Amino acid sequence: MNNIDSVSHATGRSVYLDDIPVLKNTLHGVVFDSPVPHAKVTLLDVTGAKSLPGIEGIFTWRDIPGINDIGGIVPDEPLFASDEVHYRGQPLALVVAADEHIARKALELIKIETVELEVITDPRKAQEKGLLLIPSRTFSMGDISGAWSECDHIFEGTASSGGQEHLYLETQGAYAYPSENGCIKIHSSTQGPTLVQKVTARLLGIPMNRVEVDVTRLGGAFGGKEDQATAVAVMAALAAYRLQRPVKITLNRNDDMRMTGKRHPYTSDFRIGLTQDCKIIAYSAVMYQNGGAAADLSPAIMERTLFHSTNAYYIPNTEVTVHSCRTNLPPNTAFRGFGAPQGMFVIEAAIAKAAEELGIPAHLIQQANLVSEGDEFQYGQEAENVTIGKCWENLDKKFNLTKIEKEISHFNSKDHFCRRGMAVMPVCFGVSFTNTSMNQARALVHIYQDGSIGISTGAIEMGQGVNTKLAQVAATVFSVGIKRIKLESTNTSRVANTSPTAASSGADLNGNALLLACNELLVRLKSVAALMHDCSIEDAELLKEKVVIKGVATDTTWEMLVQAAFLKRVSLTENSHYCTPEIFFDKTVEKGHPFAYHVYGAAAVTVTLDCLRGTYKIDDVLIVHDFGNSINLVIDNGQIEGGVMQGIGWMTMEEVVSSDEGRLLSDTLSTYKVPDIYSAPSRVVCYALETSGPELAIFRSKAVGEPPFMYGIGAFFALCNAVKSFKPEFKTDYDAPLTPEKVLMRLYNH
Ligand code: LUZ
Ligand code: MOS
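Residues numbered from 1 in each chain as written. Chains lettered and ligands numbered in written order. Predicted model: local features only at pLDDT ≥ 70, side-chain atom pairs only at ≥ 80, totals over all residues. Heavy atoms only, no water.

Colleague: Could you give an account of the side chain of Glu-461, naming the residues involved and the relevant values?
Modeller: Mapping Glu-461 onto the fold places it in the loop between strand 18 (453-457) and helix 14 (466-478). Buried within the structure, Glu-461 lacks any salt-bridge partner; Arg-217 is the closest side chain of opposite charge, at an N-O distance of 6.1 Å. Side-chain polar atoms of Glu-461 contact the backbone nitrogen of Gly-463, separated by 2.9 Å. From its side chain, Glu-461 meets the backbone nitrogen of Gln-464 in a polar contact 3.3 Å long. Discounting residues that sit within four places of it in the chain, Glu-461 has contacts with Asp-5, Thr-216, Arg-217, Leu-218, Val-466, Asn-467 and Thr-468. (Helix = DSSP H or I, 4+ residues; strand = E, 2+ residues; numbered from the N terminus. Buried < 20%, exposed > 50% of the residue type's maximum accessible area, 1.4 Å probe, protein only. Lys, Arg positive; Asp, Glu negative; His and termini not counted. Salt bridge = Lys/Arg side-chain N within 4 Å of Asp/Glu carboxyl O. Polar contact = N/O pair within 3.5 Å; in protein donor to acceptor, adjacent residues only side chain to side chain. Contact = heavy atoms within 4.5 Å.)

What follows is the structure, encoded as C-alpha cells:
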C-alpha cells in the first residue's frame, strides 16, 4: 500500500495553497514588521504608503473590529502590535495591493518612530529579571534531597540545545474571500483549521459559524503551522472582510524565516547521582526555555519537556523544573517532538557526563536504567507494554554493538587523522496531547449511490501520509478497494471543533473516529444484506467487494448492496465522535495518566570525523523501532528516515543565530545550513520490533511522527566520542548543535 498521493505528487498535480486558482479581483498582502526588537511605538504613519497608486488598503491594529489577540493558550499576543513591539519581525501592518511588488514598494513608505527599550535574548537573564511567560513548573518523584546521600557518584553540568527552523517547503500562506451574509472563507496552510476559525471570529467580532476554513494539504509543517499559520490566515481574513475582496498572502522565504518562531532553544543545569553498579537513583535539572516574546505553545511544550525529562529511563528520585522565559525574539513554537527532544538531550548529556567521569561507555549506564514493566514515570503513569528492553536487545542482536565498538577502536588505533565514534539513543515518547481535552476527533463518512466513499475528518495531510492511513481504515472495514475512497479536504463546516493535527496522533484520533463511523455504516449495510439474502445479520459479511453469507460468496456486489440500501432509504451517511479513553492529568499535583501509550525504540549512530578539518560524516543509523502492528510500513519508514535526518540536522548543523540585539543572523538558506543528500547518513536501517501493538492505537499501529526525531540525538554523542578518541583529555561541553566549526575548535582550542 503506497501513499495515495504518490502519483499526484510526482506529477506535480497535488494542490497546495498556491495552486488554488484565484478569483477575479484577488489582492495580495505583504506584512510590515517591526525593524526593532523592543520599543515603544511613538508613530506609525501609513498615509504616504496608502497614497501609492495600486495600494488598496493598509491595515493596522486600529482596523480590527473585534479583539486584537491571537494567543492560542495565553491571550498575550496581538495580531498587530499597537503601542509596543516585542521582537524584530513582529507584524505592525498589512499592505494590500493588486500585486505583491506594488505592496512591497509601499512598505518602504511606511513611517515608524520608536523609543527603544532594553532587549533580552538570553533566557537565564530573562528568568533573573522575572520575565516569565507563565509560572514555572516542577515534576518530581521520590525523595530527591534524601537520595543524594545514597549516591556513590554525583555529577553536575550544563547542557544547551539550539533552535531549529522548520523549513517546510511551503511557506506560511492563506487565501481568504468574503461570501454572502458577512461570511468569510479561508484556505489556510494550517495544521489547526479550528484555531484559524476561532481566532478569525474573535478578531473580526463575528461568530465562528461565519468563518469557514478549508485545507487540502500542506507542503510540510513539522509543528510550525500548529499555531503560527493563524496570524497569516487572520490577516488575510481581516483584509478580505474589510475590503470585501479576495486577499492572498504567501510569505516569501526570508519573511517566513525572519518573522516566525522556531524550536525553543533550552539551556539547563543538571545533577545526576549513581550507585556503584551504575543505577541512576537521583536526577535533578533546572531548564530555561527560550520562549520568545509571547506564550504561543510554550506552556504545552514546557509540559512535554517535563514529561520526557527522563526519556526511557526509570529514575526513582527526580526533580525537574522548567522556566518558560520571555525574550525579545519571535515567539518560539511547536516543532516535531514538542519539547521532548530538548528534555531528553539533558538527561542524555547527564549520562554522558557520568560515563566520561567514570571512564566507561555511556551505553552501559543507559542500558542499566531502562524503564521496565510496571515502573512509575515521574508523572504518575505506570509503564505498560514496555518494549524498550526488547528494542535494545534486538538492536544488539541484529547489529552486534560490541563488534561495532571493536571495529571502531581498531579503526581509531590505525588512522592518524580520522576517528570514529558511536552512541546509542533509546527513545520513549508518550502518545496523546498532554492537554487531555484535545484528545478528541470526528469523522463524517458518505457512501454515495455508486458505491464510492467520501471521508472527511479533522486530520490535515501535510506529507506524513495520514490520508493514506485513513483510506486504509475505511477500505479495511468495508473490504473495498482503496480506489473507491476519496479523502475530502479538511473543512471546519464539515468537521467542527477539531484539534490540530499534531502530537503524532492525527492517525490515531481521526482514524478511531473514522473507524466508529465505518463500523456503524457496516452494521446498516449488513442488515440490508441479511434482508436481501434472507438470513440473520450475524451471517452476513462483506469481503472483497462481495456480500458473503455464512462464509459463502454471493453474487451481490458492494455496488449492488449500496444501491439496495439506498432504495430501502437506509442512511448512507455517518458522523462519529471519538475521544481517547482512560487518560487524565491533574495539574495541581502534576500526576495522572496522560498518555494512551508510549512509543519505544533504540538507535545506534556511528560517525567518522576528519580531525584535520573538523568535518564529519554520519555513517550508520541502526534502529529497532516498536511500530506496534504497523498498517503501513512504507509510510512509517518514511517517517523514521525523515525524523532521523531532521534530528541529526538539529544536533549537528542547523544553527539558529541571533545577535544580542535580537536580529536573526541565520535568516537565509546561505547562512542556515539544513541537511541535504550529502549530509544524509550512509545507511539508515530500521527493523520493526514484532509486537501486537496497543489497543488505543489505530488498528494497533503506533503513532510514528515524532519519536524517530530523537534518534538524531545519538549523532551528537557519537561525535563527542569521536572527538574524545582523538583528544582523550577533552571534556565535553553539551552545547548543540555540534557544527563542524565547533568540532574543530574543540579539537584544537581547548
Ligand atoms: N501539540 C499540542 C503537540 O498542542 N500538545 C501536545 O501535547 C503536542 N505534543 C506533540 C506535538 N504537538
Ligand atoms: Mo506538532 S510539534 O505540531 O506535533
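Colleague: Pulling in residues and values, what's your account of the pattern of salt bridges?
Modeller: Under the defined criterion, the tally for this structure stands at 38 salt bridges. A salt bridge links Asp-18 to Lys-248; the shortest N-O distance between them is 2.7 Å. Here Lys-248 lies in strand 12 (residues 247-250) and Asp-18 lies in the loop between helix 1 (6-10) and strand 1 (27-33), a separation of 230 residues in the sequence. Residue classification places Asp-18 among the exposed residues on the basis of a relative accessible area of 51%. With a closest N to O distance of 3.8 Å, Arg-524 and Glu-520 form a salt bridge. Placement of both Arg-524 and Glu-520 in helix 15 (residues 506-533) is noted, with a separation of four residues, approximately one turn of the helix. Classification of Glu-520 as partly exposed rests on a relative accessible area of 36%. Here the salt bridges do not stand alone but share partners, grouping Asp-33, Glu-100, Arg-104, Asp-255 and Arg-258 into one network.

Colleague: Could you give an account of the state of the cysteines, naming the residues involved and the relevant values?
Modeller: Considering all chains together, one arrives at zero disulfides under this definition. Here Cys-391 is not disulfide-linked; the sulfur of Cys-686 is the nearest cysteine sulfur, at 9.4 Å. Distance from the sulfur of Cys-428, which forms no disulfide, to the nearest cysteine sulfur (Cys-391) is 11 Å. (Disulfide = S-S within 2.5 Å.)

Colleague: Can you tell me about the site of ligand 1, naming the residues and giving the values?
Modeller: By nearness alone, every residue bordering ligand 1 is listed as Glu-226, Arg-304, Phe-338, Phe-433, Thr-434, Met-438, Ala-502, Ala-503 and Glu-706. Between ligand 1 and Glu-226, the relevant distance is 2.8 Å, taken from a nitrogen atom to a side-chain nitrogen or oxygen of the residue. Within the backbone of Ala-503, a nitrogen or oxygen atom sits 3.3 Å from a nitrogen atom of ligand 1. Protein chains bury 97% of the 290 Å² of accessible surface belonging to ligand 1 in isolation. Looking at side-chain class alone, the shell around ligand 1 contains five nonpolar, one polar and three charged residues. (Near = heavy atom within 4 Å. Areas by Shrake-Rupley, 256 points an atom, 1.4 Å probe, with all protein chains shown as cover. Nonpolar A, V, L, I, M, F, W, Y, C, P; charged D, E, K, R; others polar.)

Colleague: Tell me about the sheet that holds strand 28 (residues 616-625), and name the residues and values.
Modeller: Judged by pairing direction, the sheet is mixed, and its four strands sit side by side in the order 16-27-28-29 without closing on themselves. The open sheet is flanked by strand 16 (418-431) and strand 29 (683-688), the only strands paired with a single partner. Averaged over all adjacent pairs, the angle separating strand axes in this sheet is 15°, with direction ignored. Pairing geometry for strand 16 and strand 27 (residues 597-610), over 14 bridges, is antiparallel. The residue bridging Gly-421 from the neighbouring strand is Val-607, located in strand 27. Lying on the sheet, helix 18 (residues 713-726) is in contact with strand 16, strand 27 and strand 28; it crosses strand 16 at an angle near 155°. (Pairing = 2+ DSSP bridges. Axes fitted to C-alpha atoms, helices over the stretch in contact; angles between N-to-C directions.)

Colleague: Can you tell me about helix 10 (residues 340-358), naming the residues and giving the values?
Modeller: Here helix 10 spans 27 Å end to end across 19 residues, near enough to the 27 Å set by a 1.5 Å rise per residue. With 17 of its 19 residues buried, helix 10 lies for the most part within the structure. Looking at the residues trailing helix 10, positive phi occurs at Gly-359, about 70°. (Expected span 1.5 Å × (residues − 1).)

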